[in-house]
Amino acid sequence: MTFWLVPIQEDMWDVIQYDGIYGYKNNLSKYIKQGDNIIFYVSKYYASRYGGKLVGIGRVVSDWYYDETPIYPEEKVRNRALFPHRVKVEVWVTGACDVKSLIGKVKFVEDTVQLPKYLRNAPANLGRPILDSDAKVMEECLRQTMYD
C-alpha cells in the first residue's frame, strides 16, 4: 500500500472527511491509485485552525473521475469547480499533527531548512510516495492529537 502526501486548503477538510471526496485541479491518476492512502496536510495559506498540520489519512476507494459540481466552499462561492479531478476516500484516522514536530522523526524531509518544498503541490514530497516508516510516524502523531 502506497502513501501520498497532499496539501489541501483548510476549508476543504470537512468535505473530504465527511463526504469522502478529495479533488485537485489536475488529474493525479498517474500517481495516486485506488487502494493507496492519502495523508492530508493543511497548507498555512488562509488557514486559521489547522495551518501547517496533518489532519488525516484516507484510503482511496475509487478511480479518478471528472466532476464540475461545486462541492468545496471556495467552489460554491465562485459557482464553478476549481478541483474537478476527484477520487473517493474513506478517512480512517484524524487529528492535528504539527508537521514541524515530525522533523528529525521522518526521512522524507531531507533538508529541514527547505521544509516548505516537501509540502507543496500534489502529490507533495516532490511527487514521491511517503515511506511506510514515515507514514507510521505520521499516523501515530495524528492518533496522539485526535481529540485536541
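The rules behind these values
- Residues numbered from 1 in each chain as written.
- Predicted model: local features only at pLDDT ≥ 70, side-chain atom pairs only at ≥ 80, totals over all residues.
- Heavy atoms only, no water.
- Helix = DSSP H or I, 4+ residues; strand = E, 2+ residues; numbered from the N terminus.
- Buried < 20%, exposed > 50% of the residue type's maximum accessible area, 1.4 Å probe, protein only.
- Areas by Shrake-Rupley, 256 points an atom, 1.4 Å probe, with all protein chains shown as cover.
- Salt bridge = Lys/Arg side-chain N within 4 Å of Asp/Glu carboxyl O.

**Student:** Where do I start with the overall build of the protein chain in this structure?
**Tutor:** A count of helical and extended segments in the protein chain gives 3 helices and 6 strands. Taken from N to C terminus, the helices and strands of the protein chain fall in the order β-α-β-β-β-β-α-β-α. Oriented by its inertia axes, the alpha-carbon framework of the protein chain measures out at about 40 × 30 × 30 Å. Taken across its 148 residues, the protein chain has 47% of its residues classed as buried. As presented, the protein chain carries roughly 7,900 Å² of accessible surface, and 48% of it is formed by carbon and sulfur atoms.

**Student:** How should I be thinking about the pattern of salt bridges in this particular structure?
**Tutor:** Note on pairing: side chains with opposite charge can pair once their charged atoms come close. Across all of its chains, the model carries 5 salt bridges by this definition. A salt bridge links glutamate 75 to arginine 86, with the shortest nitrogen-to-oxygen separation between them at 3.2 Å. Note that glutamate 75 is positioned in helix H2 (residues 73–78) and arginine 86 in strand E6 (residues 85–98), a separation of 11 residues in sequence. Here arginine 128 makes a salt bridge to glutamate 110, at a shortest N to O gap of 3.3 Å. Taken as a pair, arginine 128 in the loop between E6 and helix H3 (132–144) and glutamate 110 in the loop between E6 and H3 lie far apart in primary sequence, 18 residues in all. By relative accessible area, arginine 128 is classed as partly exposed at 31%. Residues participating in the shared-partner salt-bridge network are Asp67, Glu75 and Arg86.

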